Amino acid sequence: NPAGLSDFRGTEFTFGATWYKPSAVLEHDGSVTGLVGGGPFKQSNRNEGYIVPQIAVTQDLRGLGIPGTLGAGLTVTNGIGVEFRKEPNSLGSSAELIVVGANFGLSFDLTEKLTVGAAATTTYSMLDLGLTSTSAQTHDIAFKGSLGLTYKLPHATQIGMFYHSELRQDFDDIIQTSPSGAGSDGVTTNLIIEQPRTLGIGISNEMLMDGNLYLAADVMYKNWANAEFWKDVYVDQWIFSMGGQYTMGPWEFRAGYGYADDPTRENIDGLSQLANACAGLPASCTAIPTNGPGELGINVAEYLQAAQTQVIYRHRVSAGVGYKGFLAPFLDLDMHAAYQLEEDRDYGSGGLGGLINKNNTNSEVSAWYTGFALTWHFE
């Protein structure tokens, strides 16, 4: 919520980083990979994890007579990644999407109680589709905006609302869909991916236990069903979070819990932007349908849904600790750790090779992450 910038006074600079380690185990019966020389397999994700930077600076403008705060920052706004290439029968299945965002925001106090804010984000995205050896990593630059407000209620309570626009990314010529050479044109196709519109509302209170206990909760709604590409594999999603912080002298102790709906779409019709994915060497690849109509295309799409878009974890628990005045009176240290509990899901309805009503793929996922931040405060 960009309106929350007004809580920062003076000048603050934060440098932090989080190591995020996803875990995924994919089991497939070979009904899809066997079409182009693969077979059944069970393989864990060999992705080594990600370093997610958090760099931000805020500047209070009240000294200039402007009741607001400027903010700028750099972070990875979202991403997904899996890698099963060690297993030959997977045919090199992998995928990675990383979106780095540079943010610039401004909050403005309309009254003593009501604050509004706006932010603009410029993103640099990297997508390795990983469907076949005939795909490539592609890059894109895109933009999105955010609006928000906060309102102070009695008894040290505050509510907030925000809206994030969609982020439209156009990855040019990312995958080959027909053979090249020997009279064939080797057609490549673009892929448009939109990160979804998001609405959120939250509430917080900090008057309990003589003001030492801070409690907060929020709910977000992600509109996957209207986002290009994701609408083929996801439905709209609700995300709930709650947490608390207890202050004891210079120490701050934190704990939180989050729940997210499983957004996986049931009975998908295929990937609407991809008629085929060409598997094999570029000059002699086989065009495999990835959308309907037809049972084969739907089964291929369900396999890709399981292998590359399995965001099915629901429960998240987190803990953190902070210390004000770390090494110097103007420097704070914060640390955190969290775990997304394991979930598993079956994908596909079978039908290939006589496997009627048999799920063709199972995916088990979990994730954990830990990180730190140093914050410098200047008057």
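Residues numbered from 1 in each chain as written. Predicted model: local features only at pLDDT ≥ 70, side-chain atom pairs only at ≥ 80, totals over all residues. Heavy atoms only, no water.

(A) Quick peek at the overall build of the chain. When you go through the chain residue by residue, the secondary structure sums to 2 helices and 21 strands. Every one of the 379 residues in the chain was classed for burial, and the buried ones make up 45%. Sequence-distant contacts, at least 24 apart, represent 63% of the contacts inside the chain between residues at least 6 apart. Approximately 18,200 Å² of the chain is accessible, and the part contributed by carbon and sulfur atoms is 60%. (Helix = DSSP H or I, 4+ residues; strand = E, 2+ residues; numbered from the N terminus. Buried < 20%, exposed > 50% of the residue type's maximum accessible area, 1.4 Å probe, protein only. Contact = heavy atoms within 4.5 Å. Areas by Shrake-Rupley, 256 points an atom, 1.4 Å probe, with all protein chains shown as cover.)

(B) Here's a closer look at the pairing of strand S14 (residues 213–222). Bridging between strand S13 (residues 198–207) and S14 involves 8 bridges; their strand directions are antiparallel. By the bridge assignment, Ile-201 is partnered in S14 with Val-219. In this sheet, strand S15 (residues 237–248) lies alongside S14 in antiparallel orientation, the contact comprising 10 bridges. Considered in S15, the bridge of Val-219 is made with Phe-240. (Pairing = 2+ DSSP bridges.)

(C) Looking closely at the confidence of the model for the chain. For the chain, per-residue confidence averages 86 on the pLDDT scale, and 89% of positions sit at 70 or higher. Confidence drops under a pLDDT of 50 for residues 351–357, and excluding neighbours within four residues, the segment shows 13 contacts in the predicted structure. (pLDDT = per-residue confidence, 0-100.)

(D) Structural context of the nonpolar core. Counting 46 residues, the largest nonpolar core has Leu-127, Leu-191 and Trp-230 as the members making the most contacts within it. Those elements that place two or more of their residues in this core are strand S1 (11–28), strand S3 (50–60), strand S5 (94–109), strand S9 (167–176), strand S12 (188–195), helix H2 (295–308), strand S20 (331–347) and strand S21 (361–378). (Core = buried A, V, L, I, M, F, W, Y, C linked by side-chain atoms within 4.5 Å.)

(E) Summary view of a nonpolar patch on the surface. Taken together, the side chains of Trp-19, Ile-51, Met-242, Tyr-257, Val-317, Tyr-339, Leu-341 and Trp-368 present a nonpolar region at the surface, about 740 Å² in accessible area. Counting through the fold element by element, Met-242 comes out in strand S15. With a relative accessible area of 53%, Met-242 lands in the exposed category. (Patch = residues over 30% accessible without salt bridge, like charges linked within 9 Å, V, L, I, M, F, W, Y side chains within 5 Å. Salt bridge = Lys/Arg side-chain N within 4 Å of Asp/Glu carboxyl O.)

(F) Local environment of the environment of Ile-66. By secondary structure assignment, the location of Ile-66 is in the loop between S3 and strand S4 (68–83). You can call Ile-66 partly exposed: its relative accessible area is 37%. Residues contacting Ile-66, with those up to four places away along its chain left out, are Leu-61 and Phe-108.

(G) Quick peek at the pattern of salt bridges. If you walk through the whole model with that rule in mind, you get 13 salt bridges. Residue Glu-194 pairs with Arg-168 through a salt bridge whose shortest N-O separation is 3.1 Å. In this pair, Glu-194 sits in strand S12 while Arg-168 sits in strand S9, placing the two residues 26 residues apart along the sequence. Overall, Arg-168 belongs to the partly exposed group, its relative accessible area being 46%.

(H) Summary view of unusual backbone geometry. At His-155, a residue that is not glycine, the phi angle is positive and equals roughly 65 degrees. Of the residues examined, His-155 reaches a relative accessible area of 59% and is grouped as exposed. Located in the positive-phi region is Met-209, a residue other than glycine, with phi close to 50 degrees. Checked against the element boundaries, Met-209 lands in helix H1 (residues 208–211).

(I) Region of interest: the pairing of S12. Among the 8 residues of S12, 6 are classified as buried, and the element is accordingly described as predominantly covered. Relative to S12, S9 is paired through 7 bridges, and the arrangement is antiparallel. Looking at the pairing, Gln-169 lines up with Ile-193 of S12.

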